[in-house]
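# Structural description and commentary
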Amino acid sequence: MNLKAPRIALVLLVLFLQGPAWARTAELIEHERVLLPGTSTHLPTTEDARAAIILGGQHLGWRVTGDNIGRITLFYNRKNKHTITIHVIYDAYGFQVRYADSTNMNYEKVDENTALIHPNYNRWINNLIKEIPEAMKEVNAAKARAELIRALKSPSSVQPTHKEQP
């Protein structure tokens, strides 16, 4: 009786079953710092950046789970199947996203500089990184509108055009 054939079949079966898990990983990309758009009328503030990160995250379904000056923790839940927790480190001029934790995302730390994760992680982070600067434009526009309204309501902004004669 030849025992090699069943062993080879068993090895091939194990490799075949593990194949889909291997196919569902990619290198986790740790993005560089992203600069936020400003305006010519006011300097950006840390509060503006914070608002843009929260607003941009909300646009894509991210929820704030931690909020400290300079660092916001965001949580993403995809169909109650995949979850991601990230830290967004920020100041008035930019931000950087850092992986914190995940569930059902095939995360694996390979070495000190390399980690693997489900490819959707990188896609979802790319979408967030693109959305936050767009949200900053919304924050800047709202701030400009508020400044204009404030200026229009200020008594010093209203100058008489002529004096009426009695």
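Here's a quick rundown of the structure. Owing to the predicted nature of the structure, the values given are computational and were not obtained by experimental measurement.

### Looking at the pairing of strand S8 (residues 114-117)
Across the two faces of S8 the burial differs, with Ala115 and Ile117 buried and Thr114 and Leu116 not buried at all. Bridge count between strand S7 (residues 108-111) and S8: three bridges; the pairing is antiparallel. When the sheet's bridge partners are listed, glutamate 108 is paired in S8 with leucine 116. Here S7 folds back onto S8, and the loop between the two strands holds two residues.

### Looking at the sheet that holds strand S6 (residues 94-103)
Taken together, five strands build an open sheet; the order of strands is S2-S6-S5-S4-S3 and the sheet is antiparallel. The open sheet is flanked by strand S2 (34-35) and strand S3 (63-68), the only strands paired with a single partner. Of the strand pairs in this sheet, S3 and strand S4 (residues 71-78) are connected by five bridges, and their pairing is antiparallel. Considered in S4, the bridge of asparagine 68 is made with arginine 71. Each of S3, S4, strand S5 (82-90) and S6 is contacted by helix H2 (residues 46-59), which is oriented at about 165° to S5, the strand it contacts most.

### Let's talk about the pattern of salt bridges
With the rule as written, the count across this model stands at six salt bridges. Between arginine 50 and glutamate 47 there is a salt bridge, with its nearest N and O atoms 3.1 Å apart. Of the two residues, arginine 50 and glutamate 47 both sit in helix H2, three residues apart, roughly one turn of that helix. Here arginine 50 falls in the partly exposed class, since its relative accessible area comes to 24%.

### So, the sheet that holds strand S1 (residues 26-27)
Within the open sheet, the three strands sit side by side as S1-S8-S7. Their pairing is antiparallel. The open sheet has two edge strands, S1 and S7, and neither has a second partner. As paired strands, S1 and S8 are joined by two bridges and run antiparallel to one another. Among the inter-strand pairings, glutamate 27 is bridged to a residue of S8, identified as leucine 116.

### Concerning the packing of H2 against helix H3 (residues 119-153)
Their axes nearest at 7 Å, the elements H2 and H3 cross at an angle of 125°. When the interaxial angle is binned, H2 and H3 end up oblique. The two elements H2 and H3 meet at a crossing, and its hand is right-handed. Facing H2, whose interface residues are Asp48, Ala49, Ala51, Ala52, Ile53, Leu55, Gly56, Gly57 and His59, H3 presents Leu128, Glu131, Ile132, Ala135, Met136, Glu138, Val139 and Lys143. In terms of residue class, the contact of H2 with H3 is made up of 10 nonpolar, three polar and four charged.

### Observations concerning H2
An ideal rise of 1.5 Å per residue puts 20 Å on 14 residues; H2 measures up with 20 Å between its terminal C-alpha atoms. Residues of H2 that are buried: Asp48, Ala49, Ala52, Ile53, Ile54, Gly56 and Gly57. On its buried face, H2 is in contact with S3, S4, S5, S6 and H3.

### Examining the nonpolar core
Judged by nonpolar contacts, the single largest core of 30 residues is most densely connected at Ile53, Trp62, Leu74, Ile84, Ile86, Phe95 and Tyr121. Looking at this core, the elements with two or more residues in it are H2, S4, S5, S6, S8 and H3. Take this core: its biggest share by element is nine residues, from H3. The residues contacting tryptophan 62, other than those within four sequence positions of it, are Gly57, Leu74, Phe75, Tyr76, Ile84, Ile86, Trp124, Ile125 and Leu128.

Parameters and conventions
- Residues numbered from 1 in each chain as written.
- Predicted model: local features only at pLDDT ≥ 70, side-chain atom pairs only at ≥ 80, totals over all residues.
- Heavy atoms only, no water.
- Buried < 20%, exposed > 50% of the residue type's maximum accessible area, 1.4 Å probe, protein only.
- Helix = DSSP H or I, 4+ residues; strand = E, 2+ residues; numbered from the N terminus.
- Pairing = 2+ DSSP bridges.
- Contact = heavy atoms within 4.5 Å.
- Axes fitted to C-alpha atoms, helices over the stretch in contact; angles between N-to-C directions.
- Salt bridge = Lys/Arg side-chain N within 4 Å of Asp/Glu carboxyl O.
- Parallel < 35°, antiparallel > 145°, perpendicular 65-115°, else oblique.
- Left-handed = near helix turned anticlockwise from the far one by under 90°.
- Nonpolar A, V, L, I, M, F, W, Y, C, P; charged D, E, K, R; others polar.
- Expected span 1.5 Å × (residues − 1).
- Core = buried A, V, L, I, M, F, W, Y, C linked by side-chain atoms within 4.5 Å.

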